[in-house]
Amino acid sequence: MAGSREKASDFSGRLNDKWRIALNAGHIWKRYREERTAARYDGHMPSAGATLIYAAPKNWLLFGGADWSHDMTKEAEQASVRKGIRFGAVKAFENGFGIRTNLRYARRTFDTPGNLVYRLTRKDHEYQANASIWHNKIAWKGLVPHLNFRYLKIDSNMSGFYSRKSMQTFISVEKQF
């Protein structure tokens, strides 16, 4: 990719002592260097999302939300709308141990039918699960290592080409300001 530009706007507000809402909207412009790729995939993608957050007793944070995006590419067959829901939880224990987990489901529907092999509109079901654990006692200068797990499964109506599963385990480092 030659480059992309992104504009985003976020809003977060407290509804009361226990509830917050977070809203976001964005727009990405994608440009590719290689002429044949650019002819198909250059485009833009507006997106929006909303999250409701509940501060539960005993240092639990529960959240749920919905997302929407429309990948508008030059070639309509590659363009798609993604609508998703997600929910999760974060727990900070008094001894410094922490966990975060979330589940996400999205439905991705492509704008037009394919014309190479299948003559139907591609529709994917996307399932994602994420988990992270950490302990503040092993922090260094405010940097806290997290052990992460990510699982992704895509069920497509064009399964031979687009259905897949992947699992990742990795370490990340986070710092709160």
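Residues numbered from 1 in each chain as written. Predicted model: local features only at pLDDT ≥ 70, side-chain atom pairs only at ≥ 80, totals over all residues. Heavy atoms only, no water.

1. As for the overall build of the protein chain
And step 1. Check the secondary structure of the protein chain and you find two helices and nine strands.
And step 2. Once the C-alpha set of the protein chain is aligned to its principal axes, its extents read approximately 60 × 35 × 30 Å.
And step 3. Scored against the burial criterion, the 177 residues of the protein chain give a buried share of 27%.
And step 4. Considering only residue pairs separated by 6 or more positions, the protein chain has 48% of its internal contacts joining residues 24 or more positions apart.
And step 5. When the accessible surface of the protein chain is summed, it comes to about 11800 Å², and 58% of that surface belongs to carbon and sulfur atoms.
And step 6. Each charge class in the protein chain was averaged separately, 30 positive and 16 negative side chains, and the resulting centres sit 5 Å apart. (Helix = DSSP H or I, 4+ residues; strand = E, 2+ residues; numbered from the N terminus. Buried < 20%, exposed > 50% of the residue type's maximum accessible area, 1.4 Å probe, protein only. Contact = heavy atoms within 4.5 Å. Areas by Shrake-Rupley, 256 points an atom, 1.4 Å probe, with all protein chains shown as cover. Lys, Arg positive; Asp, Glu negative; His and termini not counted. Charge placed at Lys NZ, Arg CZ, Asp CG, Glu CD.)

2. Describing the sheet that holds strand 5 (residues 80-92)
And step 1. Taken in spatial order, the nine strands line up as 1-2-3-4-5-6-7-8-9 in an open sheet, and their pairing is antiparallel. What marks the edges here is a single partner per strand, and that holds for strand 1 (3-14) and strand 9 (164-174). Ignoring which end each strand starts from, the neighbouring axes of this sheet average 15° apart.
And step 2. Bridge analysis of strand 2 (residues 19-31) against strand 3 (residues 43-56) gives twelve bridges, and the strand direction is antiparallel. Within strand 3, the position partnered with lysine 30 by the bridge is glycine 43. (Pairing = 2+ DSSP bridges. Axes fitted to C-alpha atoms, helices over the stretch in contact; angles between N-to-C directions.)

3. So, the side chain of asparagine 148
And step 1. Among the structural elements, asparagine 148 can be located in strand 8 (residues 144-156).
And step 2. Among the polar contacts made by the side chain of asparagine 148, one reaches the side chain of serine 132 at a distance of 3.0 Å.
And step 3. Aside from chain neighbours lying at most four places away, what touches asparagine 148 is Ala131, Ser132, Gln168, Thr169, Phe170, Ile171 and Ser172. (Polar contact = N/O pair within 3.5 Å; in protein donor to acceptor, adjacent residues only side chain to side chain.)

4. Re the pattern of salt bridges
And step 1. On inspection of all chains with the given rule, the structure shows eight salt bridges.
And step 2. For arginine 82, the salt bridge is made with glutamate 126, and the minimal N-O distance between the two is 2.9 Å. Here arginine 82, found in strand 5, pairs with glutamate 126, found in strand 7 (residues 123-135); they are 44 residues apart in sequence, far enough to count as distant.
And step 3. We classify arginine 82 as partly exposed; its relative accessible area is 23%.
And step 4. The exposure class of glutamate 126 is buried, given its relative accessible area of 7%. (Salt bridge = Lys/Arg side-chain N within 4 Å of Asp/Glu carboxyl O.)

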